[in-house]
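Examination of the molecular architecture
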Amino acid sequence: DVKVTQSSRYLVKRTGEKVFLECVQDMDHENMFWYRQDPGLGLRLIYFSYDVKMKEKGDIPEGYSVSREKKERFSLILESASTNQTSMYLCASSKTWGGNTIYFGEGSWLTVV
Amino acid sequence: AQKVTQAQTEISVVEKEDVTLDCVYETRDTTYYLFWYKQPPSGELVFLIRRNSFDEQNEISGRYSWNFQKSTSSFNFTITASQVVDSAVYFCALRYNFNKFYFGSGTKLNVKP
């Protein structure tokens, strides 16, 4: 079974703090994604990575950065957290070929106070 | 432009009723994939089904069935004899441009005993 693991399930951070959300997948997938989920807005893509050290901006990259130093690990960074970044963050991964179903982690609930 | 519309924001049914969740998509790609995911209250999105654009056969898996119609750009999901455990948010998604996914805004299904 594919396993996507997000390091923190629930976090509370203060405005202005630097926040790291970590994600690891164990299926040797080329692609990794960070989504943000908000009520009524569904899932919105923040960043996407198709290879180590490669990244592409998604629909809402402002205020976020990412890092992919190893194939299995994809980190989302909030350089200076703000209250409007309070949300549920979902990491996902997929293969490049073969229909590439996207598999999700359990999600990280971030509250910025 | 790619788009996935789930017009039903929330549906409530009584256990054992049948329920259909609608999904309408828009894409200019001739090759694409469609997906359905279930998100229970715990938060993790669980993959249910993938369909490619060349396969319009309906799919049945236990109480779940999917109706893919290219003529109407729809990929609807029916749960027969619903159960309380079916209560969740259901997302329809479109994979396009090789590695990009577009998610609908989700339909929240409440199944009451």
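In what follows, the structure referred to is the one given above.
Figured I'd write up the structure that's included with this text. (Residues numbered from 1 in each chain as written. Chains lettered and ligands numbered in written order. Predicted model: local features only at pLDDT ≥ 70, side-chain atom pairs only at ≥ 80, totals over all residues. Heavy atoms only, no water.)

1. Some thoughts on the sheet that holds strand β8 (residues 73-78) of chain A
Residue and element names in this part refer to chain A. Spatially, β1-β3-β8-β7 is the arrangement adopted by the 4 strands of the open sheet, whose pairing is antiparallel. Among the strands making up the open sheet, the edge pair consists of β1 (4-6) and β7 (65-70). With direction set aside, neighbouring strand axes in the sheet form an average angle of 20°. In the sheet, β7 pairs with β8 via 4 bridges, with the strands oriented antiparallel. The residue of β8 that forms the bridge with V66 is L76. (Pairing = 2+ DSSP bridges. Helix = DSSP H or I, 4+ residues; strand = E, 2+ residues; numbered from the N terminus. Axes fitted to C-alpha atoms, helices over the stretch in contact; angles between N-to-C directions.)

2. Points about the interface of chain A and chain B
Opposite the 24 residues of chain A that make contact, chain B presents 19 residues. Summing the contributions of chain A and of chain B, the shared interface buries around 1,800 Å²; its carbon and sulfur component is 56%. Counting across the chain A and chain B interface gives 1 salt bridge. Within the residue set of the side of chain A that touches chain B, elements represented by two or more residues are β4 (31-38), β5 (42-51) and β9 (87-94) of chain A. (Contact = heavy atoms within 4.5 Å. Buried area = accessible area lost by both parts, 1.4 Å probe. Salt bridge = Lys/Arg side-chain N within 4 Å of Asp/Glu carboxyl O.)

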